[in-house]
Amino acid sequence: MRLTPPDALTLARVPLGLALALLPPRRARTLALVAAGTLSDALDGPWARSRGESSERGARLDSVADGVLVAGAAVAFARGVALPRAGWAVVAGITAVRAVTLGVTRARFGVWSIAHTRLNKVSGGVLAAGAGAALVRERAPLPLVLAVAAPAAAAAVEELALVLTADGYDRDVRGLLVR
């Protein structure tokens, strides 16, 4: 199967994530890389669907590219932003729920994937905006951490509940309350 233009846009997040993780933190560069990755994530799926090129492979590539970008952004954020201890505890808790969800998804359905629920999409936008604000200020006060963490935690718990209760895996499920 050939690489489609939307697949190439998806895969562009991989070097962006690696750059975020490996290059020394510089505020403008980090913001630009996060913005480019967020834009790629927002555009690749709709572009593939509009071209009639959405596929299981594209969805898997999307999950991998998202993971690399998020991991790279987390490393850049950790090196470039002062975060209170309580903030790190919140990040660790959400990360733990996400890791359990990935393990359950793999064990139950044989895939490594993150569902594209509405709440996941909202939390991704809030996370990108909050991370941008923190990078600009070079610190993340606890109220900002909690404002960003609330939808992220809700999305993580929702997805875990979905994979624990579903009969089959649907990465495009809208959510627990919106099916």
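You'll find the structure just up there.
Scoring rules and cut-offs
- Each chain carries its own residue numbering, running from 1 in the direction its sequence is written.
- Predicted model: local features are reported for residues with pLDDT of at least 70 only, side-chain atom pairs are reported and counted for 80 or more only, and whole-chain, interface and lining totals are derived from all residues.
- Only hydrogens and water are removed before side-chain values are computed, so all heavy atoms of the structure are retained for them.
- Nonpolar core, defined: a set of buried Ala, Val, Leu, Ile, Met, Phe, Trp, Tyr and Cys residues in which side-chain atoms within 4.5 Å join the residues together.
- Remark: exposure states derive from per-residue accessible area (1.4 Å probe, protein chains only) relative to the maximum for the residue type, with buried under 20%, exposed over 50%, and partly exposed in between.
- Only runs of H or I of at least four residues qualify as helices and only runs of E of at least two qualify as strands under DSSP, and these elements are numbered from the N terminus.
- By definition, a salt bridge exists where a carboxyl oxygen of Asp or Glu is found within 4 Å of a side-chain nitrogen of Lys or Arg.
- A helix's residues, less one, multiplied by 1.5 Å, set its expected span.
- The contact definition used throughout considers only heavy atoms, calling two residues in contact when any of these lie within 4.5 Å.
- Residues enter patches when their relative accessible area tops 30% and they take part in no salt bridge; the joining distance is 9 Å for like charges and 5 Å for the nonpolar side chains Val, Leu, Ile, Met, Phe, Trp and Tyr.
- A 1.4 Å probe and the Shrake-Rupley method give the accessible areas. Residues count as covered only by the protein chains that appear here.

Moving on, we come to the nonpolar core. Phe77, Val81, Leu83, Ala131, Ala134, Leu135, Ala140 and Val145 together form the largest nonpolar core, which totals eight residues. Per element, the largest residue contribution to this core is three residues, and it comes from helix α6 (residues 118–137).

What follows is about the pattern of salt bridges. By the definition in use, this model includes 10 salt bridges. Notably, a salt bridge pairs arginine 57 with aspartate 7, separated by 2.4 Å at the nearest N-O pair. Highlighted residues: arginine 57 in helix α4 (residues 56–80) and aspartate 7 in helix α1 (residues 5–11), separated in sequence by 50 residues. With relative accessibility at 5%, the residue aspartate 7 sits in the buried group. Arginine 13 is the partner of aspartate 41 in a salt bridge, and the nearest nitrogen-oxygen pair spans 3.6 Å. Pair noted here: aspartate 41 is in helix α3 (residues 27–50) and arginine 13 is in helix α2 (residues 13–22), with a separation of 28 residues, a long-range link. Residue aspartate 41 is classed as partly exposed on the basis of its relative accessible area of 34%. Linked through salt bridges whose partners overlap, the residues forming this network are Arg13, Asp41, Asp44, Asp62 and Asp66.

Between its first and last C-alpha, α6 extends 29 Å over 20 residues, near the 28 Å set by a 1.5 Å rise per residue. Along α6, the residues that are buried comprise Asn120, Ser123, Ala128, Gly130, Ala131, Gly132, Ala134 and Leu135. Summarising the contacts, the buried residues of α6 are in contact with α3, α4, α5 (85–109) and α7 (142–165). Where α6 ends, the next residue or the one after it, glutamate 138, has phi of about 60 degrees, a positive value.

There is a patch of nonpolar side chains on the surface, built from Leu176, Leu177 and Val178 and spanning about 290 Å² of accessible area. With respect to the secondary-structure elements, valine 178 resides in the segment after α7.

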